[in-house]
Amino acid sequence: MSGNRLEMQILHREGLARIGRFKTDHGFVDTPNIMPVINPNIRTLSMDIMKKLGTQAIITNSYIIRRNEDLKEIALSKGLHHLIGFDGTIMTDSGTFQSYVYGDVEYENRDTVEFQLKIKSDISTILDIFSTPMDSWEKANQAVDETHKRFMEIADLAGKNNISGPIQGSVYDDLRVKSAKLMSGTDSTYLPIGGVVPLLEQYRYSKLVDIIINSKLNSDFSKPIHLFGGGHPMFMGMAVLLGVDMFDSASYVKYARDDRLLYPDGTRNLKDITELPYWSPLRDRFSTQELRKAEENEKFSLLAEHNLFAIFQELSEIRERIRENTLWQYVESKSKSHPSLYSAFRRILRYSENLEPYFELYRKSPLFHFGEETNQSPYGVRLKKLQPSDTDYYTLSSGDWKPARLSKDFVKNVYEKTEGHFYINWFGLKVPLEMEEAYPVEQVIPWNEEKESGSKKPIPKDIKIRDFNLEKLRFLADFQFGENTGKKLFTDNCEIAVSRATGRIRTITREGKIIATMRAHDGFIGLTFAGGLIIHGMSEGIKNRVMVTEESATYNSQGKSVFFKFITNFDDRIIPLNDVLVVDPNDRLVAVGRSMVSGKELGMYREGTAVSINHHLE
Ligand code: GUN
């Protein structure tokens, strides 16, 4: 029996991608990460090397151990960790893959799981049914039901142990959805996406995009998502972008056996290369000629070392990308390295509407604009929602708008004397002018093909009929807090203080109270408590609210963060990093703060901070 039921804790995020952490009886695993596959019969790399490379977790096969009397004896008497010689997290697979490759396996589901628990595996796996991409819908559907049934057969063992419940469903989107929901509903603490090895081997990345998105969006986010067999550095960034936390892979060994070397964007054959890359751990020890001449076994383990290094290096890059919020961009640029990746990237764009709610209100890095594909990204889709439905609008020529300084002359003599809507033309995407200071409009680094927009020309009146700053604030409020909040929050008599140095909005005061500020880092509105009260008074239902328990409300009213576990109700449209209203069970406002995750996720996590408080009642 294991003490720790693992649970994801999120440290950084970008959309569905996350840097997280979970703990088993053998320590922490930082995600995204890989579990190198260890064959208990064969040691390709020493544990010392594996550890030096940064291995925190490995996966091995309980079926192989059980079939070998010697291995079984040691595992049962001294434990799996002793057998493998590894004191980190060890996950065990069940023999499902063997049954897929070799036909039936000789054990039953329940005794397979019991055996894994007896040898003290940190994460055990049921004997799920591997559906291949060739299976009919009917057959795959049966496999989904049977896999779920098998989990329920051992549900009594799951309550206190980490047992993984694979998501199956072959290539059928509806079955992946069904399986993800079924398996998330069990007591499993870990959710691998199964049945994908043939697709990975055939570079069918577009289909993998469908599978991962449908599985992820219907799963419980507090459980790590693992991609069974997905260990080629080429595809890992994309998988992480879509919400995969863990990988396992024998590829470092399999490729080494064929004299092939992994690179971040592909594979090369030893016979074809003249020099090893600078990052290779072999570079200062061997020339390619020496490697080619090395004795078979030595060459095999050296290439495996290189390959595993390539995987860890890519994971480190991916994690860094999430920390700086540039994973989307990284995946976009990497997609041009192979047509299969490019078509997969295009496939992701088809899901932008589904991904958009998970993307943050702003991020640290600018948005690099590459035209059409950026417009189709989740940020583009978000902006598209703000596009005009009317025909009475004007687009700006590039002379009037540069990110993001609008000419003063234009504001004074055109905008403020005209009634229509003005848009910045981003290669066909019409971006409301009022967004000029907000993310990602101000922060965009555009692809600068000078192109006039063929705009209608407005005919300004002689007098000022509106105020740009006020229009801007109202627009942003509508976007951040819901339609029609802007006019009611920022009434005609509110005072807008602007910075003398930059001309930018600083604070907004109404009836002597500061109700909001314009945040310098993202150009959005930050509510004060007084501003929160006004919004709270005008909206009904749960709109933009996070409701907490009575006890939590007391703490939150003093400025302490809201923890996930005390949330009782929330608006599922909340945008990550947007300001939200924190209310007690009687819907009394106790604080305003920033939601760390989207409304889609607020109900899923149990560990950690959900809302960090900016202003509070007391
Ligand atoms: N290894 C690779 N794919 C699978 C799968 O679908 N299920 C299990 N249990 N192991 C795998």
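Residues numbered from 1 in each chain as written. Predicted model: local features only at pLDDT ≥ 70, side-chain atom pairs only at ≥ 80, totals over all residues. Heavy atoms only, no water.

Student: Please provide a residue-by-residue account of unusual backbone geometry, values included.
Tutor: A cis amide bond links Thr 31 to the next residue, Pro 32, at an omega of -5°. Examined against the element boundaries, Pro 32 turns out to sit in the loop between strand E3 (27–31) and strand E4 (33–38). With phi around 70°, Asn 484 is a residue other than glycine that occupies positive phi space. Even without glycine at this site, Glu 511 takes up a positive phi of about 45°. Position of Glu 511 among the secondary structure elements: in the loop between strand E20 (505–510) and strand E21 (513–518). Judged by relative accessible area, Glu 511 falls into the exposed class, the value being 66%. (Helix = DSSP H or I, 4+ residues; strand = E, 2+ residues; numbered from the N terminus. Buried < 20%, exposed > 50% of the residue type's maximum accessible area, 1.4 Å probe, protein only.)

Student: Can you break down the site of the ligand residue by residue, with the values?
Tutor: What surrounds the ligand is the set Asp 93, Ser 94, Thr 96, Phe 97, Thr 125, Asp 128, Phe 130, Gln 168, Gly 194, Gly 195, Val 197 and Phe 228. Interatomic distance of 2.6 Å between a side-chain N/O atom of Asp 93 and a nitrogen atom of the ligand. Within the contact set of the ligand, a nitrogen atom lies 2.8 Å away from a side-chain nitrogen or oxygen of Asp 128. Summarising the interface, the protein chains cover 96% of the accessible area of the ligand, which totals 280 Å² for the free molecule. Classifying every residue of the shell around the ligand by side-chain character gives four nonpolar, six polar and two charged. (Near = heavy atom within 4 Å. Polar contact = N/O pair within 3.5 Å; in protein donor to acceptor, adjacent residues only side chain to side chain. Areas by Shrake-Rupley, 256 points an atom, 1.4 Å probe, with all protein chains shown as cover. Nonpolar A, V, L, I, M, F, W, Y, C, P; charged D, E, K, R; others polar.)

Student: Provide a residue-level description of the sheet that holds strand E5 (residues 57–61), including the pertinent values.
Tutor: Pairing in this open sheet of six strands is parallel, and the strands run E6-E5-E4-E11-E10-E9 from one edge to the other. Each of the sheet's edge strands pairs with one partner strand only, and the pair in question is strand E6 (89–93) and strand E9 (191–193). Neighbouring strand axes in the sheet, compared pairwise and without regard to direction, differ in orientation by 30° on average. Sheet topology places E4 next to strand E11 (residues 246–249); four bridges connect them, and they run parallel. From the neighbouring strand, Asn 33 faces E11, where its bridge partner is Met 246. (Pairing = 2+ DSSP bridges. Axes fitted to C-alpha atoms, helices over the stretch in contact; angles between N-to-C directions.)

Student: Go over the side chain of Asp 571, please, and point to the residues and values.
Tutor: Considering the arrangement of structural elements, one finds Asp 571 in the loop between strand E25 (567–570) and strand E26 (579–583). A distance of 2.7 Å separates a polar side-chain atom of Asp 571 from the backbone nitrogen of Asn 544. Setting aside chain neighbours within four positions, we find Asp 571 in contact with Ile 542, Lys 543, Asn 544, Arg 545 and Gly 599. (Contact = heavy atoms within 4.5 Å.)

Student: Account for the pattern of salt bridges, naming residues and giving values.
Tutor: Tallying each qualifying case throughout the model produces 46 salt bridges. A salt bridge links Lys 271 to Asp 272, with the nearest nitrogen and oxygen atoms 3.5 Å apart. Overall, the relative accessible area of 52% leaves Asp 272 in the exposed class. A salt bridge links Glu 373 to Lys 336; the nearest nitrogen and oxygen atoms lie 4.0 Å apart. (Salt bridge = Lys/Arg side-chain N within 4 Å of Asp/Glu carboxyl O.)

Student: With reference to specific residues and values, describe the packing of aromatic side chains.
Tutor: Counted under the stated rule, the structure contains 20 aromatic pairs. Relative to Phe 422, the ring of Tyr 415 has its centre 5.6 Å away and its plane inclined at 40°; by these criteria the two rings are tilted. Judged by relative accessible area, Tyr 415 falls into the buried class, the value being 0%. Its relative accessible area of 2% is what places Phe 422 among the buried residues. Cluster of aromatic residues (ring-pair linked, three or more members): Trp 328, Phe 345, Phe 359, Tyr 379 and Tyr 439. One Lys or Arg, Lys 23, reaches over the ring of Phe 28 and ends 5.8 Å from the middle of that ring. (Phe/Tyr/Trp six-rings, centres within 6.5 Å; stacked < 30°, edge-to-face > 60°. Lys NZ or Arg CZ within 6 Å of the ring centre and 35° of its normal.)

Student: Got a sec to walk through the nonpolar core? Specific residues and values, please.
Tutor: Taken as a class, soluble globular proteins show a tendency for nonpolar side chains to be buried jointly. Counting residues in hydrophobic clusters, the biggest one holds 163 residues, and the most contacted among them are Phe 235, Met 435 and Phe 490. Considering every element that reaches this core, the biggest residue donor is helix H15 (residues 296–323), with 11 residues. Filtering out sequence-adjacent residues up to four positions away, Phe 490 remains in contact with Leu 470, Leu 473, Arg 474, Ala 477, Ile 508, Ile 515, Ala 516 and Ile 525. Of all hydrophobic cores here, the second largest spans 12 residues; its members include Leu 6, Ile 59, Met 91 and Ile 123. (Core = buried A, V, L, I, M, F, W, Y, C linked by side-chain atoms within 4.5 Å.)

Student: Let's hear about a nonpolar patch on the surface: which residues, and what values?
Tutor: The grouping of Tyr 100, Val 101 and Tyr 102 at the surface amounts to a nonpolar patch, some 340 Å² of accessible area in total. As for its placement among the helices and strands, Val 101 is situated in helix H5 (residues 96–102). What makes Val 101 partly exposed here is its relative accessible area of 44%. (Patch = residues over 30% accessible without salt bridge, like charges linked within 9 Å, V, L, I, M, F, W, Y side chains within 5 Å.)

Student: Requested: an account of the packing of helix H12 (residues 233–241) against H15, with residues and values cited.
Tutor: One can describe the packing of H12 onto H15 by two numbers: an axis separation of 9 Å at closest approach and a directional angle of 25°. Relative to H15, the element H12 is oriented roughly parallel. H15 is crossed by H12, and the crossing has right-handed handedness. Every residue of H15 that contacts H12 at Pro 233, Met 236, Gly 237 and Val 240 is listed here: Ala 310, Ile 311, Glu 314, Leu 315, Ile 318 and Ile 322. Here the contact of H12 with H15 is composed, by residue class, of eight nonpolar, one polar and one charged. (Parallel < 35°, antiparallel > 145°, perpendicular 65-115°, else oblique. Left-handed = near helix turned anticlockwise from the far one by under 90°.)

Student: Report on the sheet that holds strand E27 (residues 589–595), specifying residues and quantitative values.
Tutor: Reading across the sheet, the six strands line up as E24-E28-E27-E26-E23-E25 and stay open at both edges, with mixed pairing between neighbours. Looking along the sheet, the strands with just one partner apiece sit at the ends: strand E24 (562–563) and E25. When strand E23 (residues 545–548) meets E25, the two strands line up antiparallel, connected through three bridges. Across the sheet, Met 547 pairs through a bridge with Asn 569, a residue of E25.

Student: Kindly report on the environment of Phe 570, identifying the contributing residues and their values.
Tutor: On the secondary structure map, Phe 570 appears in strand E25. The sequence separation of Phe 570 and Val 546 amounts to 24 residues, and the corresponding C-alpha distance is 4.4 Å. Residues within four places of Phe 570 in sequence aside, it is in contact with Ile 542, Arg 545, Val 546, Gly 599, Leu 602 and Gly 603.

Student: Break down the packing of helix H16 (residues 327–334) against helix H17 (residues 339–350) for me, citing the residues and quoting the values.
Tutor: As a packed pair, H16 and H17 sit with axes 8 Å apart at the nearest point and diverge in direction by 135°. As judged from the angle between their axes, H16 and H17 are oblique. Contact with H16, carried on its side by Trp 328, Val 331, Glu 332 and Lys 334, involves Leu 341, Phe 345, Ile 348 and Leu 349 of H17 and no other residues of that element. For the contact of H16 with H17, a count of residues per class yields six nonpolar, no polar and two charged.

Student: Break down H15 for me, with residues and values.
Tutor: Owing to its 3.6 residues per turn, the α-helix aligns residues three or four sequence positions apart on the same side. Between the first and last C-alpha of H15 there are 41 Å, a value that for 28 residues agrees with the 40 Å anticipated at 1.5 Å per step. Where H15 begins, the side chain of Glu 295 points an oxygen toward the backbone nitrogen of Asn 297, at a separation of 3.1 Å. Once H15 ends, the next one or two residues include Asn 325, with phi positive near 60°. (Expected span 1.5 Å × (residues − 1).)

Student: Would you mind going over the pairing of strand E18 (residues 429–432) in detail, with residue names and values included?
Tutor: The pairing of strand E17 (residues 421–426) with E18 spans four bridges and is classified as antiparallel. Counterpart to Ile 424 in the pairing with E18 is Val 431. Counting the residues in the hairpin turn of E17 and E18 gives two residues, including Phe 427, whose phi is positive at 50°.

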